[in-house]
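Spelled out from the first residue to the last, the chains are:
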Amino acid sequence: MDRLLLFPEPFPDESLYSLAVRYHRLVANDSYRRTSQELFGTYSRTCGSVLPCCLATLSQRLEEKYSVAELVDSRTLLPLYKPFLSNDGYESALHCMRGPHGTGLKMSLGMTASGLLKHASFRYCEACMQHDADYYGVSYWHRIHMAAGVCTCPHHGNVLLRASFPEGADWRCMQLPGESTSTPVLSESSLGAAYSVAEMQFWGLSNPQRACELVREDFLRWRLTEMGMLQQGRLREQAINSHVERRFSNSTHEGEFQSVTVDTEWVMRLLRRRRRIVQPFRYYFLCWLLETSAEDLVEFQHKICPRALRMNSLVKDRCDSGSPVEIAERRRNFQSDRDKKLHDRQGYYWLYRHDRDWLQNYVKSYPFIRTRKVYVDWFSRDIALSNELVTAHAEIMAEKDKPKKITKSALLRRVQNHYGFLRKSSKFPKSIQVLESLLETEHDYQLRKVAWALKELQLPKNYAISVIMRLAGIRIRQISHLEIEDLLQARGNGDNL
Ligand SMILES: [Zn+2]
């Protein structure tokens, strides 16, 4: 077959698989094998994928009514990945989808490594299904519902339903939404994050060029700067982590969201661009963590038209303040968090964007006084060390052995914190004073040694001074003859030398 005799008219955001199913029914084929041969000229195993292959043959058989690029842009999820791929990466993915072999495509896009594929399923929204049936006469698969991290409908906010094909069959049973049993992909009632992420992903899929500009202009860093979490080009990791952890508590933790709310490591890796390819879900979830909505992405004009537009946008942001009731409540909540730093208080970023004048006045009126934590009580250490030095001195003096000179090192060897003292001696003023008063001069040391020699040693009756000096270990005498005589006299009197 060279040319398809009929082919369904695509509906808005309809996936290629959905078109294949409708074609299958139009021509009343009895098996997917036949349909695949007719559409793709081969048995395609990727028709049910969000990134199907064999598109060149399909385009050819449609007599190029839709080019391969058109099919990719409007019927697959590749445009969602475009902002996160290099030109070569995107061309390579296109080449892959053009031909009959899709092997390695998901791996090259980082989808396999991300671990998100295990959550992949055929999803649909009941409200969309009803609308499509009423408006187009048939319900169909929307490609945005198939994207990883899209758990609610970006149009209706409903939790998406996961289709279970009958009797363990897969997508080759060629069914449309609502034709099999289904279960909700999320059960929680708090769906703010899921809805916001779905909206942003739908915007990214529908506006790949603007999403490319968003990533190229480094929206995340701009947002971090606006939130005070990027200063002088450096990420304030602690502030980011604590903010992100707080936001985790407002997010659902089911399905795909489980993998992005476990820890904050991936956030820092993404911001530092350490991951080769960013998954759109992670990127848009991080946007939500940074209190960004799809509207903010639409309005992002940073650098695209420099300064003037940015200023307009900021002014607009500030003018687009909430209702008086909302402002009053935000201010009240902010003021009630007195114990926290300003950036950590509830609603700081909202006030920064919508009520900045009030916030600035508040900050001026209540300046943050940084309290310096005292980690080491140097005064107590000084007192303790000076007492230890006195004790050490007394111990040396009480020794019965041959006297040792009382030097700085002899004293410090006997105290506990002598390393700290030597390194930071300025922190020990009292100890320095005590130490200096305890040190022994050479003269005093010689007197002590002579006294010890006279007391401890058996001296002959007739002895010379030189004998005492030798016994006391004194080579260069610094004491007078008279002082030695006094010591001898004291010994004769039985004084305690
Ligand atoms: Zn819907």
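The rules we used
- Residues numbered from 1 in each chain as written.
- Predicted model: local features only at pLDDT ≥ 70, side-chain atom pairs only at ≥ 80, totals over all residues.
- Heavy atoms only, no water.
- pLDDT = per-residue confidence, 0-100.
- Helix = DSSP H or I, 4+ residues; strand = E, 2+ residues; numbered from the N terminus.
- Contact = heavy atoms within 4.5 Å.
- Salt bridge = Lys/Arg side-chain N within 4 Å of Asp/Glu carboxyl O.
- Buried < 20%, exposed > 50% of the residue type's maximum accessible area, 1.4 Å probe, protein only.
- Pairing = 2+ DSSP bridges.
- Phe/Tyr/Trp six-rings, centres within 6.5 Å; stacked < 30°, edge-to-face > 60°.
- Core = buried A, V, L, I, M, F, W, Y, C linked by side-chain atoms within 4.5 Å.
- Donors = N, O, S within 2.8 Å, 3.2 Å for Na, K, Ca; no water.
- Patch = residues over 30% accessible without salt bridge, like charges linked within 9 Å, V, L, I, M, F, W, Y side chains within 5 Å.
- Areas by Shrake-Rupley, 256 points an atom, 1.4 Å probe, with all protein chains shown as cover.
- Axes fitted to C-alpha atoms, helices over the stretch in contact; angles between N-to-C directions.
- Parallel < 35°, antiparallel > 145°, perpendicular 65-115°, else oblique.
- Nonpolar A, V, L, I, M, F, W, Y, C, P; charged D, E, K, R; others polar.
- Lys, Arg positive; Asp, Glu negative; His and termini not counted.
- Charge placed at Lys NZ, Arg CZ, Asp CG, Glu CD.
- Domains from an automatic or database assignment.
- Polar contact = N/O pair within 3.5 Å; in protein donor to acceptor, adjacent residues only side chain to side chain.

On to the confidence of the model for the chain, then. Put simply, the chain has an average pLDDT of 85, and 91% of its residues get 70 or more. At the level of individual helices and strands, the chain shows its lowest average pLDDT in helix 18 (residues 308-319), which scores 46, and its highest in strand 1 (residues 123-124), which scores 95. Note on residues 305-319: pLDDT is under 50 here. Beyond four places in sequence and across chains, it has 16 contacts.

This part covers the pattern of salt bridges. One pass over the full model with this rule turns up 18 salt bridges. Note that Asp13 and Arg143 form a salt bridge whose closest N and O atoms lie 2.7 Å from each other. Highlighted residues: Asp13 in the segment before helix 1 (16-26) and Arg143 in the loop between helix 9 (126-136) and strand 2 (161-164), separated in sequence by 130 residues. Side by side, Asp13 and Arg143 carry an identical accessibility label, which is buried. Linking Arg223 and Glu226 is a salt bridge whose minimum nitrogen-to-oxygen distance equals 2.2 Å. Of this pair, Arg223 and Glu226 both sit in helix 12 (residues 219-226), separated by three residues, roughly a single helical turn.

For the rest of this paragraph, the subject is unusual backbone geometry. Positive phi, close to 55°, is recorded for Ala28, a residue that is not glycine. For Ala28, the location among the structural elements is in the loop between helix 1 and helix 2 (32-40). Here Ala28 falls in the exposed class, since its relative accessible area comes to 63%. Its identity is not glycine, yet Cys54 carries a phi of approximately 65°, on the positive side. Here Cys54 lies in the loop between helix 2 and helix 3 (55-61). According to the relative accessible area criterion, Cys54 is buried, its value standing at 3%.

One open sheet holds the three strands; their spatial order is 1-2-3, and the pairing between them is antiparallel. In the strand order of this sheet, the two ends are held by strand 1 and strand 3 (181-184), each with one partner. Both strand 2 and strand 3 contribute to a ladder of four bridges, which runs antiparallel. Its bridge partner lying in strand 3, Ala163 is registered against Ser182.

It is worth spelling out the packing of aromatic side chains at this point. Counted under the stated rule, the structure contains 25 aromatic pairs. Taken together, a centroid distance of 6.1 Å and an interplanar angle of 75° make the contact between Tyr124 and Trp141 edge-to-face. Of the two residues, Tyr124 is situated in strand 1 and Trp141 in the loop between helix 9 and strand 2; the sequence distance between them amounts to 17 residues. With centroids separated by 5.6 Å and ring planes inclined at 80°, the aromatic side chains of Phe257 and Phe285 adopt a geometry described as edge-to-face. Of the two residues, Phe257 sits in helix 14 (residues 256-260) while Phe285 sits in helix 16 (residues 280-289), which places them 28 residues apart along the sequence.

Leu78, Tyr283, Tyr284 and Phe285 are the most contacted members of the largest nonpolar core, which totals 109 residues. It is helix 16 that contributes the most residues to this core, eight residues altogether.

Moving on, we get to the coordination of the zinc ion. Every protein donor of the zinc ion is listed here as Cys125 (SG), Cys128 (SG), Cys153 (SG) and His156 (ND1), and their distances to the metal cover 2.1 to 2.3 Å. Mapped onto the polypeptide sequence, the residues donating to the zinc ion form the spacing pattern C-x2-C-x24-C-x2-H. Here Cys125 is found in the loop between strand 1 and helix 9, whereas its partner Cys153 is found in the loop between helix 9 and strand 2, with 28 residues between them in sequence. Its relative accessible area of 0% is what places Cys153 among the buried residues.

On to a nonpolar patch on the surface, then. A surface patch of nonpolar side chains, about 330 Å² in accessible area, is lined by Leu5, Leu6 and Leu26. Relative to the assigned elements, Leu5 resides in the segment before helix 1.

Moving on to the packing of helix 10 (residues 192-206) against helix 11 (residues 208-216). At a minimum axis separation of 5 Å, helix 10 and helix 11 run at an interaxial angle of 110°. The angle between helix 10 and helix 11 falls in the class roughly perpendicular. Contact with helix 10, carried on its side by Trp203, Gly204, Leu205 and Ser206, involves Pro208, Arg210, Ala211 and Leu214 of helix 11 and no other residues of that element. Taken together, the residues of the contact of helix 10 with helix 11 break down into five nonpolar, two polar and one charged.

Where like charges cluster on the molecular surface, the positive patch consists of Arg381, Arg423, Lys424 and Lys427. Counting through the fold element by element, Arg423 comes out in helix 24 (residues 418-423).

With that settled, consider the domain arrangement of the chain. Domain parsing of the chain yields domain 1 (1-186), domain 2 (193-317), domain 3 (321-365), domain 4 (378-440) and domain 5 (452-492). The straight-line distance from the C-alpha centre of domain 3 to that of domain 4 is 56 Å.

Let us look at the environment of Ser139. Topologically, Ser139 is positioned in the loop between helix 9 and strand 2. When the C-alpha atoms of Ser139 and Glu179 are compared, they prove to be 9.9 Å apart, with 40 residues separating the residues in sequence. With near-sequence residues (within four places) excluded, Ser139 lies in contact with Met129, Asp132, Ala133, Leu176 and Pro177. Polar contacts involving the side chain of Ser139 include one to the main-chain carbonyl oxygen of Pro177, which spans 3.4 Å.

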